[in-house]
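Residues per chain are reported as follows:
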Amino acid sequence: STWQKAVEAMRLDAFDYIRKPFDNDDIKATLQRALKLARAVRSGVANAALDRVIIGRTPAMQAVHVLVRRVAATDSTVLIQGESGTGKELIARALHEGSPRADEAFISVNCGAFTETLLESEMFGHMKGAFTGAVVDKQGLLEAADKGTFFLDEVSEMSPALQVKLLRMLEEREYTPVGATKTRKVDVRFLAANNRNI
């Protein structure tokens, strides 16, 4: 399948892939990220960013360091698993800081800290009058993270209904604010973390 070919290409160190049908803006954005990363790697910025965040000299930590450096260079969606307190958010920040998106926003949201309706409104934003108390249009965190990185901590705490909306976002890079009728596009890299095996 096309998806399997894309995964295999990324495994073999492809920088990115573009789905058909594509437009020139997709190609330009990918080329700009690739050039930005190439400049960062040449100047040592990516390695320095990772060294600031990931500390440890054991073989296991060195393996994590190598993997983070390799994945940071891509635009892949990443799931980070580990027990609470093991530094999942630090790994997410290292992935962001070592990426071509390092100069853009890093937005983090803990999915377990919100009710389903509040999390949806926070992520996607809402339109005035969408629900009681929505007196003005509100920009969502996804829009605030445009061109940057969006980190979903404790992603398994998200309701199944919201997971369906997130899946559309991951596949199409578009979403619909609460109460809106038109979709919006956004260019965001997604990172997620969870403290149990999902």
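Read on for a plain summary of the structure.

Digging into the sheet that holds strand S6 (residues 189–194)
Overall, parallel pairing links the four strands, which are arranged S1-S6-S3-S2 in an open sheet. Each edge of the open sheet is held by one strand with a lone partner, namely strand S1 (78–81) and strand S2 (106–110). Sheet twist, expressed as the mean angle between neighbouring strand axes with direction ignored, is 20°. As paired strands, strand S3 (residues 149–153) and S6 are joined by four bridges and run parallel to one another.

Some points on the packing of aromatic side chains
Within this structure, the stated rule accounts for three aromatic pairs. Relative to Tyr175, the ring of Phe124 lies with its centre 5.8 Å away and its plane at 25°, an arrangement referred to as stacked. Of this pair, Phe124 sits in helix H6 (residues 116–124) while Tyr175 sits in strand S4 (residues 174–175), and the two are 51 residues apart along the sequence. According to the relative accessible area criterion, Tyr175 is buried, its value standing at 4%. Geometrically, the ring pair formed by Phe150 and Phe190 is edge-to-face, given 5.8 Å between the ring centres and 70° between the ring planes. Of this pair, Phe150 sits in strand S3 while Phe190 sits in strand S6, and the two are 40 residues apart along the sequence. The exposure class assigned to Phe190 is buried, which follows from its relative accessible area of 2%.

What counts, and at which threshold
- Per chain, the residues get numbers from 1 upward, laid out in the order the sequence is written.
- Given that the model is predicted, a residue must reach a pLDDT of at least 70 before its local features are reported, and side-chain atom pairs must reach 80 or more before they are shown or counted; all residues, however, enter totals for whole chains, interfaces and linings.
- Neither water nor hydrogens contribute to the side-chain values; these are computed over all heavy atoms in the structure.
- One requirement defines pairing of two strands: DSSP has to find at least two bridges between them.
- By definition, any uninterrupted DSSP run of H or I lasting at least four residues is a helix, any uninterrupted run of E lasting at least two residues is a strand, and each is numbered from the N terminus.
- Angles run from 0 to 180 degrees between N-to-C directions of axes, and those axes are lines fitted to C-alpha atoms, restricted for helices to the stretch in contact.
- Stacked, edge-to-face and tilted labels apply to pairs of Phe, Tyr and Trp rings (six-membered ring for Trp) whose centres lie within 6.5 Å, assigned for plane angles under 30 degrees, over 60, and everything in between, in that order.
- A simple rule labels every residue: compare its accessible area, found with a 1.4 Å probe on the protein chains alone, to the largest value its type can have, and call it buried under 20%, exposed over 50%, or partly exposed in between.

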